[in-house]
Amino acid sequence: MDLIGVYLREAMDEGCPVCRILRSYEESQIETILYEHVNDPEVRKKFRKSLGLCTYHAWKTLEKAYSEPLLGPLGVAIIYEDVLSRYIGFLEDGRVSKEEGCFLCELVREKERSTIEGFADRIDELLPVYESSNAILCRRHYEMLLSEVARRDNDKATVLKEIQLKKLRKLRERLKSFIDKFDYLSKEEPTKEETSSLPLTIEALKGLETGITLGGRGNSKNVKRGLLKWR
Ligand SMILES: [Zn+2]
Ligand SMILES: [Zn+2]
């Protein structure tokens, strides 16, 4: 298996492997900005254009800065002082403030696309790994992967669908026995497996919170425009 294959295989632990890859990618991008690019004019420009990222990434960035002892809020304060000045500039000039797409959302979107394609390209070796793992692709990423796989090999897409169904049914069983433990006749506590079935069910349906699962709130046109300019 090549490097991308190994990387994907390692992500097949629990929950959606693509969501998990995206979440750690998002975190590492935020870290890189905060550690290395606070004073980078190009990065400043991107922040300015979106008037400080999307709501999700703005708060995520601040959270990250506070959670890393080596960082602290200074870098974020410097970036947002610049963004605030731009906003004030709009108001002073009597113009409407213009908010373009969040570049972190776009980075994550590109990573999502390349991860799904990488997965589909290596489906022969990765499908058995996926089947035997505890991972369950979320609905969004299952559908994206399914359509990529179907474009390459229809039979493989059928196998993927069967595996996915089997995993979801198993998850439903876990969730049902979790619910049963709340019956007044039940004397047992829910097991760890049963308890984790609830967040895993939500993950299977909704994915993990990332810029793309939260960021698609009616701003996609702006996001696309922002990306074009950014490139
Ligand atoms: Zn996912
Ligand atoms: Zn964003």
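To keep things clear, this report deals only with the structure shown in the data block. (Residues numbered from 1 in each chain as written. Chains lettered and ligands numbered in written order. Predicted model: local features only at pLDDT ≥ 70, side-chain atom pairs only at ≥ 80, totals over all residues. Heavy atoms only, no water.)

Mapped onto the secondary structure, K45 falls in helix α3 (residues 41-49). Classification of K45 by relative accessible area gives partly exposed; the value is 41%. In the structure, K45 is positioned 25 residues away from R20 in sequence and 29 Å away in space, judged by C-alpha atoms. (Helix = DSSP H or I, 4+ residues; strand = E, 2+ residues; numbered from the N terminus. Buried < 20%, exposed > 50% of the residue type's maximum accessible area, 1.4 Å probe, protein only.)

Let's shift gears to the coordination of the zinc ion (ligand 1). Taken together, C16 (SG), C19 (SG), C138 (SG) and H141 (ND1) make up the protein donors of the zinc ion (ligand 1), found 2.0 to 2.3 Å from the metal. Here the zinc ion (ligand 1) is ringed by four donor atoms whose angles at the metal span 97 to 116°, and the overall shape comes out tetrahedral. Sequence spacing among the residues donating to the zinc ion (ligand 1) works out to C-x2-C-x118-C-x2-H. One end of the pair, C19, is in helix α2 (residues 17-36); the other, C138, is in the loop between β2 (134-135) and α8 (139-152), and 119 residues separate them in sequence. Accessibility classification places C19 together with C138 in one group, the buried group. (Donors = N, O, S within 2.8 Å, 3.2 Å for Na, K, Ca; no water. Tetrahedral: all angles 85-135°; square planar, octahedral: opposite > 155°, others 65-115°.)

Helices that pack against each other are described as a pair by the angle of their axes relative to one another and the distance between those axes. It is at 8 Å that the axes of helix α9 (residues 154-180) and helix α10 (residues 192-206) come closest, and there the two elements cross at 130°. Relative to α10, α9 is oriented oblique. Every pair of crossing elements has a handedness; the one defined by α9 and α10 is left-handed. In contact with L168, L171, R174, L175, S177 and F178 of α9, α10 contributes E193, E194, T195, S196, S197, L198, L200, T201 and A204. When its residues are assigned to classes, the contact of α9 with α10 shows seven nonpolar, five polar and three charged. (Axes fitted to C-alpha atoms, helices over the stretch in contact; angles between N-to-C directions. Parallel < 35°, antiparallel > 145°, perpendicular 65-115°, else oblique. Left-handed = near helix turned anticlockwise from the far one by under 90°. Contact = heavy atoms within 4.5 Å. Nonpolar A, V, L, I, M, F, W, Y, C, P; charged D, E, K, R; others polar.)

Membership of the largest hydrophobic core comes to 54 residues, with the highest contact counts inside it found for F47, L104, F119, Y130, L137, L145 and L160. Leaving out residues up to four positions away in the same chain, Y130 has contacts with M12, A135, I136, L137, L160, I163, Q164 and K167. (Core = buried A, V, L, I, M, F, W, Y, C linked by side-chain atoms within 4.5 Å.)

The interhelical angle for the contact between α2 and helix α6 (residues 103-121), taken along N-to-C directions, is 140°, at an axis separation of 10 Å. Regarding the angle of α2 to α6, the classification is oblique. When you trace α2 past α6, the crossing you get is right-handed. Across the interface between the two elements, P17, V18, I21, L22, Y25, E26, Q29, I30 and I33 of α2 pack against F103, L104, L107, V108, K111, E112, T115, I116 and F119 of α6. Of the residues belonging to the contact of α2 with α6, the class tally is 13 nonpolar, two polar and three charged.

The next point concerns the pattern of salt bridges. Tallied over the entire structure, the rule returns 22 salt bridges. Here R113 ties to E117 by a salt bridge, and the two come within 3.7 Å at their closest N and O atoms. Placement of the pair is R113 and E117 together in helix α6, with a separation of four residues, close to one helical turn. Judged by its relative accessible area of 31%, E117 is partly exposed. Note that E131 is salt-bridged to K166, the shortest N-O span being 3.2 Å. Taken as a pair, E131 in helix α7 (residues 123-132) and K166 in helix α9 lie far apart in primary sequence, 35 residues in all. Classification of K166 as exposed rests on a relative accessible area of 51%. Residues joined in a network through salt bridges with shared partners are R113, E117, D121, E148, R151 and R152. (Salt bridge = Lys/Arg side-chain N within 4 Å of Asp/Glu carboxyl O.)

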